[in-house]
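# Architecture and fold: a report
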Amino acid sequence: QVQLVESGGGLVQAGGSLRLSCAASGRTFSFYAMGWFRQAPGKEREFVAAISWSGGNTYYADSVKGRFTISRDNAKNTVYLQMNSLKPEDTAVYYCAEGSLKIATTPAEYEYWGQGTQVTVSS
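Just so we're clear, the structure is a prediction, and the values are computed from it rather than from any experiment. Numbering of residues begins from 1 in every chain and follows the order in which that chain's sequence is written. With the structure being a predicted model, the display of local features is reserved for residues of pLDDT at least 70 and the display and counting of side-chain atom pairs for 80 or more, all residues being used for whole-chain, interface and lining totals. The basis for the side-chain values is all heavy atoms of the structure; hydrogens and waters are excluded.

## Overview of the state of the cysteines
Stated formally: When the sulfur atoms of two cysteines come within 2.5 Å, that pair is taken as a disulfide. By the criteria applied, helices consist of DSSP H or I runs no shorter than four residues and strands consist of E runs no shorter than two, each listed in order from the N terminus.
In total, this model carries one disulfide according to the counting rule given. Paired through a disulfide, Cys-22 and Cys-96 show a sulfur-sulfur distance of 1.9 Å. Sign of the S-S torsion, about 45 degrees for the bond between Cys-22 and Cys-96, identifies this disulfide as right-handed. Remark: Cys-96 occurs in strand E9 (residues 92-100) and Cys-22 occurs in strand E3 (residues 18-25); sequence separation between them is 74 residues.

Structure below.
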């Protein structure tokens, strides 16, 4: 059983920054691609960013390109999402996901999920 624990969410003003972390345990972290998704109330869970097992390949949703950066530290079994220039529309619960053997952009392609961390951006 893989466990993913997100942290780093909170309240921030528009234009500010947050860094989310997701710590994984239960199996070899470095073998799998990781993703970040978000879900706002009443909306479908949407893809944010993904990173390959090596960390050498990343992919971002158009809505966050140039503002968010995904990275990973396999020695720490942790994936990060650096969020800069935050906008009110970034407000959502953010989830990390693990289990894809390649970069994937849909929830169905991931096996394990964290509990989510709330990000609220005020205007």
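## Examining the sheet that holds strand E8 (residues 78-83)
Defined as follows: One bridge is not enough; two strands pair if DSSP finds at least two bridges between them. Lines fitted to C-alpha atoms define the axes here, with helix axes fitted over just the stretch in contact, and angles between the N-to-C directions of these axes take values from 0 to 180 degrees.
Reading across from one edge, E1-E3-E8-E7 is the order of the four strands in this open sheet, with antiparallel pairing throughout. Edge positions in the sheet fall to strand E1 (3-7) and strand E7 (68-73), since each has one partner strand and no second. Strand after strand, the sheet turns through a mean of 15 degrees between neighbouring axes, direction not considered. For E7 and E8, the ladder comprises six bridges, and the chain directions are antiparallel. Along E8, the bridge assignment pairs Arg-72 with Val-79.

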